[in-house]
Amino acid sequence: MKLANKSALVTGASRGLGKAIAMELARQGAEVYINYSSSEQQALDVLSQIREQGGTAFLAQGDLTSEQGIKKAAAERTYDILVNNATGPQPELSLEEATWKDYEDQLVFFVKAPLLLLKEVLPGMKQKRNGSVINIGSEVIALGNSHFSSYVTAKSAMLGMTRSWASELGEYGIRVNLVNPGFIPVERHRDVGAKDIAAYHSGVPLNRMGTPEELARTVAFLASDDSAYITGQTITVNGGNTFGI
Ligand SMILES: NC(=O)c1ccc[n+]([C@@H]2O[C@H](COP(=O)([O-])OP(=O)(O)OC[C@H]3O[C@@H](n4cnc5c(N)ncnc54)[C@H](OP(=O)(O)O)[C@@H]3O)[C@@H](O)[C@H]2O)c1
């Protein structure tokens, strides 16, 4: 129970990696707030699964693309852990098709929402002189990705953002780290064929796909005091598909 007496806000926790993160943090003893925008039934399912495991969880609905939604999600509560995980649609666009608005839409999810959420939770963390913020990036920061430049650009901004937040907040005992998943199939990838999956992992040193639970355990490590002297760092969970960053 490494996260006993800690409370965590996990954005985009109604499915996918966010759901696995919420469940793992709760399994390790944290009181978890499940943020989502519109998938209420899925969020309720996560809530009951956590409670069935003996954990503590609550819903924290709020559309993170609006400032009002961000305030609603954070609800002036005090958190020890903030996981910026939510993602909206990730459009596949050539550079001819991509517009500045497409870039802005991705920046709203990966820069604006994390920044405004941080401002909501910061007073509480500063008062406690303790906090762990975990930003979910992607291995594409290292790889680049043709036709997904808006997504990759916004994810890449999370790297400098993480390091700068870590520099500024260290003196308050607040740690900030970035976790970069590789391709980890979740519900939205159900139509990806076995051939494409095999093609991806044939280039991965560990030669298999990662699981949401493996990603979640890395996030839980960064949330816990086991990583008390780690800040401003990136941990990439991709079986060795990239090295560095
Ligand atoms: N899975 C992968 O292979 C992979 C690889 C690299 C990086 N990542 C990163 O990992 C994170 C999670 O990805 P995922 O694959 O688990 O995504 P996902 O399955 O599509 O889940 C997205 C989550 O975000 C929520 N969400 C969407 N719009 C929202 C909004 N406006 N406000 C609040 N919540 C909102 C969704 O809930 P609602 O439906 O209620 O809106 C859902 O809970 C993302 O940051 C993604 O970029 C994933």
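Residues numbered from 1 in each chain as written. Predicted model: local features only at pLDDT ≥ 70, side-chain atom pairs only at ≥ 80, totals over all residues. Heavy atoms only, no water.

**Q** Describe empty space enclosed by the protein, naming the residues involved and giving the relevant values.
**A** Counted according to the given criterion, the structure contains 1 cavity of 30 Å³ or more. Roughly 60 Å³ of volume is contained in the largest cavity. Thr11, Leu64, Asn84, Asn85, Ala86, Phe109, Phe110, Ala113, Pro114, Leu117 and Met158 are the residues that line the largest cavity. Counting residues per element, the lining of the largest cavity draws most heavily on helix H4 (residues 100-128), which supplies 5 residues. For the lining of the largest cavity, a count of residues per class yields 8 nonpolar, 3 polar and no charged. (1 Å grid on protein atoms, 1.4 Å probe; cavity = no way out; pocket = protein on both sides within 12 Å on 5 of 7 lines; lining within 4 Å. Points joined across faces, edges and corners; volume = space filled by probe spheres on them. Helix = DSSP H or I, 4+ residues; strand = E, 2+ residues; numbered from the N terminus. Nonpolar A, V, L, I, M, F, W, Y, C, P; charged D, E, K, R; others polar.)

**Q** Lay out the site of the ligand with the relevant residues and their values.
**A** Residues in contact with the ligand amount to 33 residues; listed here are only the nearest, Ser14, Leu17, Ser39, Asn85 and Tyr151. Contact distances for the ligand include 2.9 Å between an oxygen atom and a backbone N or O atom of Ser37. In the model, an oxygen atom of the ligand is placed 3.5 Å from a nitrogen or oxygen of the Thr87 main chain. Notes on the ligand: free accessible area 900 Å², of which the protein chains cover 93%. Judged by the fraction of its atoms near the pocket grid, the ligand is located in the largest pocket. (Near = heavy atom within 4 Å. Polar contact = N/O pair within 3.5 Å; in protein donor to acceptor, adjacent residues only side chain to side chain. Areas by Shrake-Rupley, 256 points an atom, 1.4 Å probe, with all protein chains shown as cover. Sits in = over half its atoms within 2 Å of the grid points.)

**Q** Any details on the side chain of Ser227? Residues and values, ideally.
**A** With respect to the element layout, Ser227 can be found in the loop between helix H8 (212-223) and strand S7 (234-237). Within the structure, the side chain of Ser227 is placed 3.1 Å from the backbone oxygen of Leu222, a separation counted as a polar contact. Setting aside residues no more than four positions away along its own chain, Ser227 makes contact with Arg175, Phe221 and Leu222. (Contact = heavy atoms within 4.5 Å.)

**Q** Residue-level account of the pairing of strand S1 (residues 7-10), with values.
**A** In the case of a regular strand, side chains alternate between the two sheet surfaces. Side chains Ser7 and Leu9 of S1 all project onto a buried face; the interleaved residues Ala8 and Val10 project onto the opposite face, where all are buried too. Across 4 bridges, S1 lies against strand S2 (residues 31-36) in parallel orientation. Within S2, the position partnered with Ser7 by the bridge is Glu31. Assessed by its sense of winding, the connection that carries the chain from S1 through helix H1 (residues 16-27) to S2 is right-handed. As paired elements, S1 and strand S4 (residues 81-84) share 3 bridges and run parallel to each other. Counterpart to Leu9 in the pairing with S4 is Leu82. (Buried < 20%, exposed > 50% of the residue type's maximum accessible area, 1.4 Å probe, protein only. Pairing = 2+ DSSP bridges. Right-handed = clockwise from strand over helix to strand, strands pointing away.)

Purely spatial values, then, with no claim about function.
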